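Overview (structure and organization)
Here is what each chain is made of, one letter per residue.
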Amino acid sequence: MIVVMEILEKLRSIAVDTARNAYVPYSEFPVGAAAATSTGEIYRGCNIENASFGMTLCAEASLIGSLVSNGGEGIEVISCRTVAGVALAPCGRCRQMIMEIAGPACLVDLGEELVRLDTLLPVAFTGRDMDIETTLKNGKWNPSNGN
């Protein structure tokens, strides 16, 4: 397990540096993200825009892709920053992606504070929700009424 406060400034700096690599010809809003795993490995990502805006890749999604494709796991803390160093909260889509890979205890750097991911994404949809028997027991799905 890493000591979060000791690595936070490094993650913030890496996120800002990585934002400089962003491909943002349309928004001109470069964003970088950096995360540390429980083993101390650091992964990074930047936003990558596309003329068909729906295909744009957020910095956090780029980071998750790097982590997974390199065999990493267990994000413990993540920081997302602009080139100017302003902290950004992950969008809803990225919160969901981070939840899948890191889990509810992942710490998200909001600048003035570190917040657990489950605070930013309460009642998250997870793999547990895809288990029909568990879902039926919890009363979340009823095939007779189409829900």
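Residues numbered from 1 in each chain as written. Predicted model: local features only at pLDDT ≥ 70, side-chain atom pairs only at ≥ 80, totals over all residues. Heavy atoms only, no water.

Glancing now at the pattern of salt bridges. Overall, the coordinates contain five salt bridges when judged by the stated rule. Here Arg-12 and Glu-9 are joined by a salt bridge, their closest N and O atoms 2.7 Å apart. A residue pair is termed a helical-turn pair when its members lie 3 or 4 positions apart in one helix, as Arg-12 and Glu-9 do in helix H1 (residues 4–19) at three residues. Judged by relative accessible area, Arg-12 falls into the buried class, the value being 16%. As a salt-bridge pair, Asp-17 and Arg-20 come within 2.6 Å of each other at their nearest N and O atoms. Asp-17 gets classed as partly exposed once you look at its relative accessible area, which sits at 41%. Here Arg-20 falls in the exposed class, since its relative accessible area comes to 53%. Because the salt bridges share partners, they merge into one network encompassing Glu-9, Arg-12, Arg-81 and Asp-109. (Salt bridge = Lys/Arg side-chain N within 4 Å of Asp/Glu carboxyl O. Helix = DSSP H or I, 4+ residues; strand = E, 2+ residues; numbered from the N terminus. Buried < 20%, exposed > 50% of the residue type's maximum accessible area, 1.4 Å probe, protein only.)

Taken together, the five bridges between strand E1 (residues 31–37) and strand E2 (residues 42–46) define a ladder with antiparallel strand orientation. Bridge assignment links Ala-36 to a residue of E2, and that residue is Ile-42. Count of turn residues in the E1/E2 antiparallel hairpin: four residues, of which Gly-40 carries a positive phi of about 90°. (Pairing = 2+ DSSP bridges.)

This paragraph deals with the state of the cysteines. Counted by the stated rule, this structure contains zero disulfides. Free cysteine Cys-58: the closest other cysteine sulfur is in Cys-94, separated by 3.8 Å. Left unpaired, Cys-80 is separated from the closest cysteine sulfur, that of Cys-94, by 7.8 Å. (Disulfide = S-S within 2.5 Å.)

This brings us to unusual backbone geometry. Even without being a glycine, Glu-28 presents a positive backbone phi close to 55°. Mapped onto the elements, Glu-28 comes out in the loop between H1 and E1. When its relative accessible area of 65% is taken as the criterion, Glu-28 is described as exposed. The backbone phi angle of Val-123 is positive, close to 50°, even though this residue is not glycine. When you line up the elements, Val-123 lands in the loop between helix H4 (117–120) and helix H5 (132–137). Accessibility expressed as a relative area gives 85% for Val-123, which makes it exposed.

The subject of this paragraph is the pairing of strand E3 (residues 75–82). Most of E3 sits out of view: eight of its eight residues are buried. Note that E1 and E3 share seven bridges and pair antiparallel. Residue Ala-34 lies in a different strand from E3, and its bridge partner there is Ser-79. As paired strands, E3 and strand E4 (residues 107–109) are joined by three bridges and run parallel to one another.

If you trace the backbone, Cys-46 turns up in strand E2. According to the relative accessible area criterion, Cys-46 is buried, its value standing at 11%. Between the C-alpha atom of Cys-46 and that of Ala-22, which follows or precedes it by 24 residues, the distance is 5.1 Å. In contact with Cys-46, other than residues within four places in its own chain, are Thr-18, Asn-21, Ala-22, Val-31, Gly-32, Leu-57, Cys-58, Ala-59 and Ser-62. (Contact = heavy atoms within 4.5 Å.)

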